[in-house]
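For reference, the chains in residue letters:
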Amino acid sequence: MTQQQTLARTVNVTAPLAAAGIRVSGIVHRVFSQRTQPLIAWDIGPDDSARDFTLAYGITGELQEISTRMGNGFISMSEALLSQLAEPLPELDAVILAYHSPDLFHADVAGFYLSQRLPGSPVPWSVAETGPGAGFTALRITDGMRRMGELDHGALFVYDQNAAMSEPDDTVSAIPDAAVLLTVGGTGGAVVSDFIDARTSEPGDPTAAGALAAAMARHGVGTGPTAILAGAGLAAALAGTALADRVQVADADAQSTGVWAALASRWPISEPVLVADHDPVGGMFRSCLLCPEAGR
């Protein structure tokens, strides 16, 4: 049994709806069309420890070539998002970083930097290497912290960092970097509830389309104004099915941020929104429901 199968559970999507959960009070999105920071932020010499370091991370190219690669670090992307906020953040209890590809090789650690940068000296933590599930998992954990009385306000950063971290991949590196910031907790905005993690990789598991159909039935989608935002992984799985025309598809090039960027483009929402995505590698369908403050 894989680690993911051990940790993840298949949710019964016919079970009673969960109580109202944490609120998303705001969301901003940014695409970074240019890469302006070096992949490795220190001088690389042939006789120092840089070669051992890069080899440890699977970087086997010539050091001189590696030193020319550029990207966008989590800190700079975070600062760009913070500059887009209409109002200052309140004192925060936690700052969460969610991503699949890691940060650039810089001395400053983004979580520690943001903990000192943001009001309240929030506790930093990360959700990594879960593809399109990163944002969903981070929100679910944040909601658990709220229920345990450990969080009133938090900031969730979701990143797509597409610079070549090991061997150059022109297909991936051609995709612009992107980031999303969700401010969570407090009042106003939209209530996030009923997180669903449904495994789709084992015999007897539903398909991604089947998991979405069950989630739609669970929320009465089709009988009300609920919109469905689907990430690229889910959209691909729905191709050729009856549900393909029912969803609004996020940016196909944005792995972790795509569905949240689609939500940002609709913000503030005036109707319930079912946000969903599918990770074909990990074999997981994930979704959550956002409802305007006025109620469901």
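Residues numbered from 1 in each chain as written. Predicted model: local features only at pLDDT ≥ 70, side-chain atom pairs only at ≥ 80, totals over all residues. Heavy atoms only, no water.

### Considerations on the packing of aromatic side chains
Any pair of aromatic rings gets described here by the distance separating the centres and the angle formed by the planes.
In step 1: Across all of its chains, the model carries 4 aromatic pairs by this definition.
In step 2: Each ring, one from Phe74 and one from Tyr99, has its centre 5.0 Å from the other, and the planes form 55°; the classification is tilted. Here Phe74 is found in helix H4 (residues 74–82), whereas its partner Tyr99 is found in strand S4 (residues 94–99), with 25 residues between them in sequence.
In step 3: Look at Phe74 and you get buried, because its relative accessible area is 2%. (Phe/Tyr/Trp six-rings, centres within 6.5 Å; stacked < 30°, edge-to-face > 60°. Helix = DSSP H or I, 4+ residues; strand = E, 2+ residues; numbered from the N terminus. Buried < 20%, exposed > 50% of the residue type's maximum accessible area, 1.4 Å probe, protein only.)

### Overview of the pattern of salt bridges
In step 1: Enumeration over the complete set of coordinates arrives at 9 salt bridges.
In step 2: The partner of Asp177 in a salt bridge is Arg35, with the nearest N and O atoms 3.0 Å apart. Here Asp177 is found in strand S7 (residues 177–185), whereas its partner Arg35 is found in the loop between strand S1 (23–32) and strand S2 (37–38), with 142 residues between them in sequence.
In step 3: According to the relative accessible area criterion, Asp177 is buried, its value standing at 0%.
In step 4: Of the charged contacts in the structure, one is a salt bridge between Glu271 and Arg266, with a shortest N-O distance of 3.1 Å.
In step 5: The class of Arg266 is partly exposed, set by a relative accessible area of 27%.
In step 6: Ionic contacts of the salt-bridge type, sharing partners, join the residues Arg140, Asp197 and Arg286 into one network. (Salt bridge = Lys/Arg side-chain N within 4 Å of Asp/Glu carboxyl O.)

### Remarks on the pairing of strand S11 (residues 273–279)
In step 1: Burial within S11 is extensive, with 7 of its 7 residues counted as buried.
In step 2: Neither face of S11 is left uncovered, since the one carrying Val273, Val275, Asp277 and Asp279 and the one carrying Leu274, Ala276 and His278 both have all their residues buried.
In step 3: For strand S9 (residues 227–230) and S11, the ladder comprises 4 bridges, and the chain directions are parallel. Bridge pairing links Ala227 to Val273 in S11.
In step 4: The sheet contact formed by S11 and strand S12 (residues 284–292) spans 7 bridges and is antiparallel. (Pairing = 2+ DSSP bridges.)

### Focus: the side chain of Ser115
In step 1: Relative to the helices and strands, Ser115 resides in helix H5 (residues 110–117).
In step 2: Given the relative accessible area of 13%, Ser115 is considered buried.
In step 3: Within the structure, Ser115 has its side chain in polar contact with the backbone oxygen of Pro122 (distance 2.7 Å). (Polar contact = N/O pair within 3.5 Å; in protein donor to acceptor, adjacent residues only side chain to side chain.)

### Some details on H4
In step 1: In terms of burial, H4 is largely enclosed, as 7 of its 9 residues are buried.
In step 2: Residues of H4 that are buried: Phe74, Ile75, Met77, Ser78, Ala80, Leu81 and Leu82.
In step 3: Each element contacted by the buried residues of H4 is listed here: S1, S4, H5, strand S6 (153–160) and S7. (Contact = heavy atoms within 4.5 Å.)

### Examining the side chain of Asn72
In step 1: Structurally, Asn72 is set in the loop between strand S3 (70–71) and H4.
In step 2: Accessibility expressed as a relative area gives 4% for Asn72, which makes it buried.
In step 3: Here Gln34 takes part through its backbone oxygen, which lies 2.9 Å from a polar atom of the side chain of Asn72.
In step 4: Only 2.8 Å separates the side chain of Asn72 from the side chain of Asp177, close enough to count as a polar contact.
In step 5: If we ignore the near neighbours within four places in the chain, the residues touching Asn72 are Phe32, Gln34, Arg35, Thr36, Gln37, Met77, Leu104, Gln161 and Asp177.

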